[in-house]
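A closer look at the structure
Spelled out, the chains give:
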Amino acid sequence: MAVVGAGRLGTALARALAACGYEVRALVARRAGHARRAVELAGVKALALPFARLEELPPSELLFITTPDDSVAGVAERIAALRNGRVRGRVALHTSGALSSEVLAPLRARGFRVGSMHPLASVSDGVAGAESLRRAFYCVEGDGAAVAAARRVVRDLGGESFSVRAEDKALYHAAALMAAGHTVALFDIAAELLARCGLAPQRARHVLLPLVGSTLENLSRTPPERALTGTFARGDAETVRKHLVALRGAGEPESLLTYALLGGRSLRLAARAGADAGRLKEIARLLAEALGIAEE
Ligand SMILES: NC(=O)c1ccc[n+]([C@@H]2O[C@H](COP(=O)([O-])OP(=O)(O)OC[C@H]3O[C@@H](n4cnc5c(N)ncnc54)[C@H](OP(=O)(O)O)[C@@H]3O)[C@@H](O)[C@H]2O)c1
């Protein structure tokens, strides 16, 4: 196999697959130094190539394109224009969550079977990332043979795969972002509000973590309407009113709007769990007021 885009994910993937017995033949980065560092971090004996020397890419049955989303199409075109080696039966997979396998059409035209293989994992470096890739869920889609190859790779890594339609990839990726990136953003808002109560920023993050951890544990055991605890689950309208006054007083429209928007979803969950309809209606009125919209 070869990896074009030996950054965080490319390096982690090379390291994890090498540990499962895959032969990593080349790692390509834009800069030569980064390619060399990736080879070192992945712990493999592979060719370290700068993108400018792409024509030296050795032919391999499995090619991963792990460059940033915006460059995948251009990189596919560059590889398709290379004149080296046999192509029939080779598989090219990119790892973008938002793009479908169609972005690799230039490679399909050259005889590659193309697909995408996106890990639902957050990889911030090649070494720790290799570990998280081993127990991740992967979304795979594309040509039949490419999907079969991707599923094999995922199985070898010890992960689990599932599929979505190519046209649903952007929506799929928005869902992943809500669960990961937006959870981090929400956590940051909460920590900032605690800091306004006088806690040092690091302490604020520290005291919130077990709360987030127990919420995730609840979610792993029960559906969201059962995992929801607290003010909205109880229908405590007076407490919501106090929260909104405090958030307005903090002079942070972003926090107020986030609270009110997510509050709407919490109301639906509380209703599903059987909370008192009259109390939820009063909370809905308060939230609509905070959002500056007329209540439905
Ligand atoms: N990291 C994650 O947690 C994660 C998780 C799931 C999916 N993904 C997907 O994996 C892909 C890579 O993400 P990443 O986080 O690993 O990115 P990254 O760390 O920024 O690495 C990108 C790699 O591509 C090279 N590169 C950058 N621009 C290029 C271009 N125009 N042409 C050729 N090569 C280029 C970089 O070379 P230099 O280092 O020399 O600049 C580097 O080797 C993306 O599609 C991303 O959506 C990432």
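Residues numbered from 1 in each chain as written. Predicted model: local features only at pLDDT ≥ 70, side-chain atom pairs only at ≥ 80, totals over all residues. Heavy atoms only, no water.

1. Some words on the overall build of the protein chain
For the protein chain, the helix and strand inventory stands at 14 helices and 8 strands. Projected onto the principal axes, the alpha-carbon positions of the protein chain cover approximately 70 × 40 × 35 Å. Expressed as a percentage of the 296 residues in the protein chain, the buried residues total 40%. Relative to all contacts within the protein chain whose residues are 6 or more apart in sequence, the contacts with residues 24 or more apart total 59%. Accessible area of the protein chain: about 15,900 Å², with a carbon and sulfur share of 56%. (Helix = DSSP H or I, 4+ residues; strand = E, 2+ residues; numbered from the N terminus. Buried < 20%, exposed > 50% of the residue type's maximum accessible area, 1.4 Å probe, protein only. Contact = heavy atoms within 4.5 Å. Areas by Shrake-Rupley, 256 points an atom, 1.4 Å probe, with all protein chains shown as cover.)

2. Topic: the packing of aromatic side chains
This model, assessed by the stated rule, comprises 2 aromatic pairs. Consider the rings of Phe232 and Tyr259, whose centres lie 5.9 Å apart with planes at 55°: the pair is tilted. Note that Phe232 is positioned in helix H11 (residues 231-234) and Tyr259 in helix H13 (residues 253-272), a separation of 27 residues in sequence. On the accessibility criterion, Phe232 (10% relative accessible area) is buried. (Phe/Tyr/Trp six-rings, centres within 6.5 Å; stacked < 30°, edge-to-face > 60°.)

3. Overview of the site of the ligand
The full set close to the ligand counts 23 residues, and Leu9, Arg31, His34, Asp69 and Val123 are the nearest of them. One of the backbone nitrogen or oxygen atoms of Gly7 is found 3.1 Å away from an oxygen atom of the ligand. Between the ligand and the protein, one listed contact pairs an oxygen atom with a backbone N or O atom of Thr67 at 3.2 Å. Those elements that provide at least two residues to the shell around the ligand are helix H1 (8-19) and strand E6 (113-119). Across the shell around the ligand, the residue classes tally to 9 nonpolar, 10 polar and 4 charged. (Near = heavy atom within 4 Å. Polar contact = N/O pair within 3.5 Å; in protein donor to acceptor, adjacent residues only side chain to side chain. Nonpolar A, V, L, I, M, F, W, Y, C, P; charged D, E, K, R; others polar.)

4. A look at the domain arrangement of the protein chain
What the domain assignment reports for the protein chain is domain 1 (2-166) and domain 2 (181-291). For domain 1 and domain 2, the distance between their C-alpha centroids amounts to 40 Å. (Domains from an automatic or database assignment.)

5. Considerations on the packing of H13 against helix H14 (residues 277-291)
Running from N to C, H13 and H14 point in directions that differ by 160°, and their axes come no closer than 9 Å. By the criterion of interaxial angle, the relationship of H13 to H14 is roughly antiparallel. Helix-helix and strand crossings are classified by hand; for H13 and H14 the assignment is left-handed. Contacts between H13 and H14 involve Leu256, Leu257, Tyr259, Ala260, Leu261, Gly263, Gly264, Leu267, Ala270 and Ala271 from the former and Leu280, Ile283, Ala284, Leu287, Ala290 and Leu291 from the latter. Looking at the contact of H13 with H14 residue by residue, the classes come out as 14 nonpolar, 2 polar and no charged. (Axes fitted to C-alpha atoms, helices over the stretch in contact; angles between N-to-C directions. Parallel < 35°, antiparallel > 145°, perpendicular 65-115°, else oblique. Left-handed = near helix turned anticlockwise from the far one by under 90°.)

6. Describing helix H12 (residues 237-249)
Compared with an ideal rise of 1.5 Å per residue, which puts 13 residues at 18 Å, H12 spans 18 Å between its outermost C-alpha atoms and is within 8% of the ideal. Listed in full, the buried residues belonging to H12 are Ala237, Val240, Leu244 and Leu247. Buried positions in H12, seen along its axis, are confined to an arc of 80° and lie on one side of it. Exposed and oriented more than 90 degrees from the buried face of H12 are Lys242, Ala246 and Gly249. Residues of H12 that are buried make contact with helix H8 (181-196), H11, H13 and H14. Gly251 sits one or two residues past H12 and shows a positive phi near 65°. (Expected span 1.5 Å × (residues − 1). Arc of directions from axis to C-beta.)

7. Quick look at the sheet that holds strand E4 (residues 62-65)
With mixed pairing, the 8 strands of this open sheet are ordered in space as E3-E2-E1-E4-E5-E6-E7-E8. Every interior strand has two partners, whereas the edge strands, strand E3 (47-50) and strand E8 (160-162), have only one. Put simply, the sheet's adjacent strands are angled 25° from each other on average, direction ignored. Pairing geometry for E4 and strand E5 (residues 91-94), over 4 bridges, is parallel. Each bridged residue has a counterpart across the sheet, and for Leu63 the counterpart in E5 is Ala92. (Pairing = 2+ DSSP bridges.)

8. Regarding the environment of Gly278
Locating Gly278 in the fold gives a position in helix H14. When the C-alpha atoms of Gly278 and Gly235 are compared, they prove to be 8.8 Å apart, with 43 residues separating the residues in sequence.

9. What to know about the pattern of salt bridges
For the structure shown, the criterion picks out 14 salt bridges. As a salt-bridge pair, Arg165 and Glu167 come within 3.9 Å of each other at their nearest N and O atoms. Judged by relative accessible area, Glu167 falls into the exposed class, the value being 61%. The network of salt bridges with shared partners includes Glu102, Arg108 and Asp143. (Salt bridge = Lys/Arg side-chain N within 4 Å of Asp/Glu carboxyl O.)

10. Overview of the environment of Cys20
With respect to the helices, strands and loops of the structure, Cys20 is situated in the loop between H1 and strand E2 (26-29). For the pair formed by Cys20 and Val153, sequence separation is 133 residues and the distance between their alpha carbons is 9.4 Å.

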